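Each chain, letter by letter, is given below.
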Amino acid sequence: MKIGIACYPTYGGSGAVATELGMRLAQRGHEVHFVSYAHPFRLPRFLRNTYFHEIEVTRYPLFEYPPYSLAATVAMHEVATQRHLDLFHVHYAVPHATSALLAKQMLEEPSELKVVTTLHGTDITLVGQDPSYRSIVKFSIERSDALTAVSEYLKRETLARFGCAGCNVRVIPNFVDTDLFRHDTDKRNRGALAEPEEKILMHISNFRPVKRIEDVVRVAARTMDKVAARLVLVGDGPDRPIAEERARNLGIGDRVLFLGKQEQVAELLACADLFLLPSESESFGLSALEAMSCEVPVVGTRNGGLEEVVEDGVCGRLLPVGAVDAMSDAATQILADSELHRKMGRAGRAIAEEKFSVERIVAMYERLYGEV
Ligand code: GMT
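Rules and cut-offs
Residues numbered from 1 in each chain as written. Predicted model: local features only at pLDDT ≥ 70, side-chain atom pairs only at ≥ 80, totals over all residues. Heavy atoms only, no water. 1 Å grid on protein atoms, 1.4 Å probe; cavity = no way out; pocket = protein on both sides within 12 Å on 5 of 7 lines; lining within 4 Å. Points joined across faces, edges and corners; volume = space filled by probe spheres on them. Helix = DSSP H or I, 4+ residues; strand = E, 2+ residues; numbered from the N terminus. Nonpolar A, V, L, I, M, F, W, Y, C, P; charged D, E, K, R; others polar. Pairing = 2+ DSSP bridges. Axes fitted to C-alpha atoms, helices over the stretch in contact; angles between N-to-C directions. Contact = heavy atoms within 4.5 Å. Expected span 1.5 Å × (residues − 1). Buried < 20%, exposed > 50% of the residue type's maximum accessible area, 1.4 Å probe, protein only. Patch = residues over 30% accessible without salt bridge, like charges linked within 9 Å, V, L, I, M, F, W, Y side chains within 5 Å. Areas by Shrake-Rupley, 256 points an atom, 1.4 Å probe, with all protein chains shown as cover. Salt bridge = Lys/Arg side-chain N within 4 Å of Asp/Glu carboxyl O. Right-handed = clockwise from strand over helix to strand, strands pointing away. UniProt positions renumbered as here; feature names shortened; annotations may be inferred.

- Within an unreviewed UniProt entry, the label attached to the protein reads N-acetyl-alpha-D-glucosaminyl L-malate synthase BshA, and the organism entered is Candidatus Kutchimonas denitrificans.

1. Focus: the layout of surface pockets
Logical step 1: Put simply, the second largest pocket is a space of about 410 Å³.
Logical step 2: Looking at the lining of the second largest pocket, the elements with two or more residues in it are α1 (13-27) and α10 (265-269).
Logical step 3: Looking at the lining of the second largest pocket residue by residue, the classes come out as 10 nonpolar, 2 polar and 9 charged.

2. A closer look at the sheet that holds strand β13 (residues 316-319)
Logical step 1: Reading across from one edge, β10-β9-β8-β11-β12-β13 is the order of the 6 strands in this open sheet, with parallel pairing throughout. Either end of the sheet is taken by a strand with one partner, and the two such strands are β10 (256-260) and β13. For this sheet, the mean angle separating the axes of adjacent strands, direction not counted, is 20 degrees.
Logical step 2: Bridging between strand β8 (residues 199-204) and strand β9 (residues 229-234) involves 6 bridges; their strand directions are parallel. Within β9, the position partnered with K199 by the bridge is A229.
Logical step 3: Lying on the sheet, helix α12 (residues 324-336) is in contact with β8, β11 (274-277), β12 (298-301) and β13; it crosses β12 at an angle near 165 degrees.

3. Overview of helix α8 (residues 213-224)
Logical step 1: Look at α8: 17 Å from first C-alpha to last across 12 residues, which is about the 16 Å you get at 1.5 Å a residue.
Logical step 2: Judged by how many residues are buried, α8 sits mostly within the fold: 9 of 12 residues are covered.
Logical step 3: Buried within α8 are the following residues: I213, D215, V216, V217, V219, A220, A221, T223 and M224.
Logical step 4: Tucked inside the fold, the buried residues of α8 contact β8, β9, α9 (240-249), β11 and α12.

4. A look at a nonpolar patch on the surface
Logical step 1: A contiguous nonpolar surface patch, about 360 Å² in accessible area, is contributed by Y60, L62 and F63.
Logical step 2: Its location among the elements puts F63 in the loop between β3 (50-54) and α2 (68-82).
Logical step 3: Residue F63 is classed as partly exposed on the basis of its relative accessible area, which comes to 38%.

5. Some words on the pattern of salt bridges
Logical step 1: According to the stated counting rule, one finds 25 salt bridges in the structure shown.
Logical step 2: A salt bridge links D273 to R190; the nearest nitrogen and oxygen atoms lie 2.8 Å apart. Separated by 83 residues along the polypeptide, D273 in the loop between α10 and β11 and R190 in helix α7 (residues 190-193) bring together distant segments of the chain. One exposure class covers both D273 and R190, and it is buried.
Logical step 3: Because the salt bridges share partners, they merge into one network encompassing E20, R24, R42, D177 and E290.

6. With respect to the pairing of β12
Logical step 1: The side-chain alternation of β12 yields two buried faces, one formed by V298 and G300 and the other by V299 and T301.
Logical step 2: With 3 bridges joining them, β11 and β12 adopt parallel strand pairing. The residue bridging L277 from the neighbouring strand is G300, located in β12.
Logical step 3: The parallel pair β11 and β12 is bridged by helix α11 (residues 286-293), and the resulting crossover is right-handed.
Logical step 4: In the sheet, β12 pairs with β13 via 4 bridges, with the strands oriented parallel. Across the sheet, T301 pairs through a bridge with L319, a residue of β13.

7. Here we look at the UniProt feature "domain: Glycosyl transferase family" (unreviewed entry) in the protein
Logical step 1: According to UniProt, the "domain: Glycosyl transferase family" (unreviewed entry) feature falls on residues 192-349.
Logical step 2: Each end of residues 192-349 is marked by a C-alpha atom, and these two atoms are 25 Å apart; helix forms 39% of the span and strand 18%.

8. Considering the UniProt feature "domain: Glycosyltransferase subfamily 4-like N-terminal" (unreviewed entry) in the protein
Logical step 1: This chain's UniProt record puts "domain: Glycosyltransferase subfamily 4-like N-terminal" (unreviewed entry) on residues 11-179.
Logical step 2: Annotated as residues 11-179, this span is 40% helix and 17% strand, and its ends, taken at the C-alpha atoms, are 21 Å apart.

Here's what the structure looks like:
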């Protein structure tokens, strides 16, 4: 098949999933055209059967807000026409689903291009609910030829929040490359992150309010009272200054490492002893799955989608949102008991291999494309 994939290229789960999916499809012989405003961060410069098309958003003094959605539509239309695409698979509904539908209508034979939309999270639960966007998001998801959500939780939210009873949302979970995200017994980079006797707590995100970064720091600080440890923070975003300030206030500034945006998170995760994800809401929690694949137990929140990934008490602990003390107790218990730590790590790996493998999930998308 000839498949267009539209996604955000930056550090974030939806872009990561879209890129990994496109790469796997290309390996399976499909021709894959990525359409994005920059080179997707997980996409190698050259890979057989993959092509990158940039969305060029022209600026003009009249535009306080350059119309990204129009530029995306034009890029999708051009690629669909010139490369004779069979379908466009768009990731994150806002505005990619809308742009794809418009691009399809611009074709001479619109019915020949199918639009598959994958919902990732805040495109439904937050941004999509904003009055400035809600009605067009509803229209676009209702008119897509196929609609997928990354968890049962997100499917329920979509149906409830948009009241689109007729929407046929298929759940196709995210996946992890278990060959890349794996336990590293040598933990080669560990020495650069912590002293040998210290445990490494890790968090990876785009530091937005929904991630509750302050809770990450507070859980880490309480855990450090009982266990020699360091907190390694990977990523960047609006709440980073809050995290820096909180770490200083709690007196652990010298034990918190801010690594900023990183491309090779697998190598870092392999060095971690515990992954923290205390988000307000998480439609899936891809970073938690990647941690599990590296045999790293997860301490997070019971917030919707994460419950479908992290099995509470099996490969980590899930506690109520904001329950900093309980999360820190759970972290301490896991870190202090090497047998429990090993057991949870192995259980996480087994879940990643059995439920969220590349082979299993990519085949689900291929089946859907075939049906569409
Ligand atoms: O939805 C977002 O705000 C961004 C998006 C992203 O690109 O990182 O995150 C969502 O999609 C990921 C991939 O499917 C999921 O792993 C995240 O749980 C989800 N984020 C939220 O629901 C907050």
